[in-house]
Amino acid sequence: MRITGKWRTCDDGTTRPIIEVRVANSDGGLVKELFLIDTGADQTVLSPALLAALQVPRQPPPPGLILQAASGATPYVIDSTVLEFTRDDGATARVRGDFAAFTDPASIEQSLLGRDVLDHFDLIVSRPRNDILLLSGNHRYAVAQA
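Residues numbered from 1 in each chain as written. Predicted model: local features only at pLDDT ≥ 70, side-chain atom pairs only at ≥ 80, totals over all residues. Heavy atoms only, no water.

> Pulling in residues and values, what's your account of the pattern of salt bridges?
Tallying each qualifying case throughout the model produces six salt bridges. Arg16 serves as the salt-bridge partner of Asp12, at 2.8 Å between the closest nitrogen and oxygen. A residue is classified by how much of its surface remains accessible, and Asp12, at 52% relative accessible area, is exposed. Across the salt bridge formed by Arg87 and Asp89, the nearest N and O atoms sit 2.6 Å from each other. Classification of Asp89 by relative accessible area gives exposed; the value is 55%. Sharing partners across several salt bridges, the network here consists of Arg22, Glu84 and Arg94. (Salt bridge = Lys/Arg side-chain N within 4 Å of Asp/Glu carboxyl O. Buried < 20%, exposed > 50% of the residue type's maximum accessible area, 1.4 Å probe, protein only.)

Put into structure tokens, the structure is as follows:
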């Protein structure tokens with residue numbers, strides 16, 4: 001399985017690794033969202049704007065656990081949903097889980113794809129080659145001297 005992302009120049013002029021994900025909402029529909037690939041994030045986090053668009057039931061976080069953004073501890077809820085990726089062959093790959101979602105609109109502008117999801121794949125993030133690839137199953141990679 002091969003899922004391809006893109007390098008995208010964001011509003012602040014910085015180019016970042018992005019992947020398009022569709023997220024299941026409360027009525028079974030899908031909401032399209034661009035996720036920042038964040039290998040330093042322990043878990044995937046939905047943005048406040050995406051959380052509002054999904055209109056799904058929210059669960060309180062487990063007692064005693066905090067979630068930190070760059071600005072510090074930030075209020076969040078848990079959203080049980082499905083992330084859907086489009087594979088290169090046109091089929092879809094789905095990851096079901098309980099994902100954190102920030103509730104403060106000032107916390108983050110973009111959803112983050114963290115290691116809880118990324119660890120299911122081999123991840124290639126190459127700025128010089130403009131590659132962002134999630135690989136699994138019959139797709140492999142090899143490092144060779146050019």
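So, next bit.
> Let's hear about the nonpolar core: which residues, and what values?
With 25 residues, the main nonpolar core has Ile19, Phe35, Leu83, Phe85, Leu113 and Val117 as its most contacted residues. Looking at this core, the element that brings in the most residues is strand E9 (residues 92–102), giving four residues. Excluding its chain neighbours within four sequence positions, the residues that come into contact with Leu113 are Ile19, Phe35, Leu36, Ile37, Asp38, Thr44, Leu83, Phe85 and Leu118. (Core = buried A, V, L, I, M, F, W, Y, C linked by side-chain atoms within 4.5 Å. Helix = DSSP H or I, 4+ residues; strand = E, 2+ residues; numbered from the N terminus. Contact = heavy atoms within 4.5 Å.)

> Account for the sheet that holds strand E11 (residues 122–126), with residues named and values stated.
Spatial ordering of the open sheet is given by E1-E12-E11, a layout of three strands whose pairing is antiparallel. Whereas interior strands pair on both sides, the edge strands pair on one side only; in this sheet they are strand E1 (2–4) and E11. Between one strand axis and the next, the sheet turns through 15 degrees on average, direction left out of account. Note: E11 against strand E12 (residues 131–135), five bridges, orientation antiparallel. Bridge pairing links Asp122 to Leu135 in E12. (Pairing = 2+ DSSP bridges. Axes fitted to C-alpha atoms, helices over the stretch in contact; angles between N-to-C directions.)

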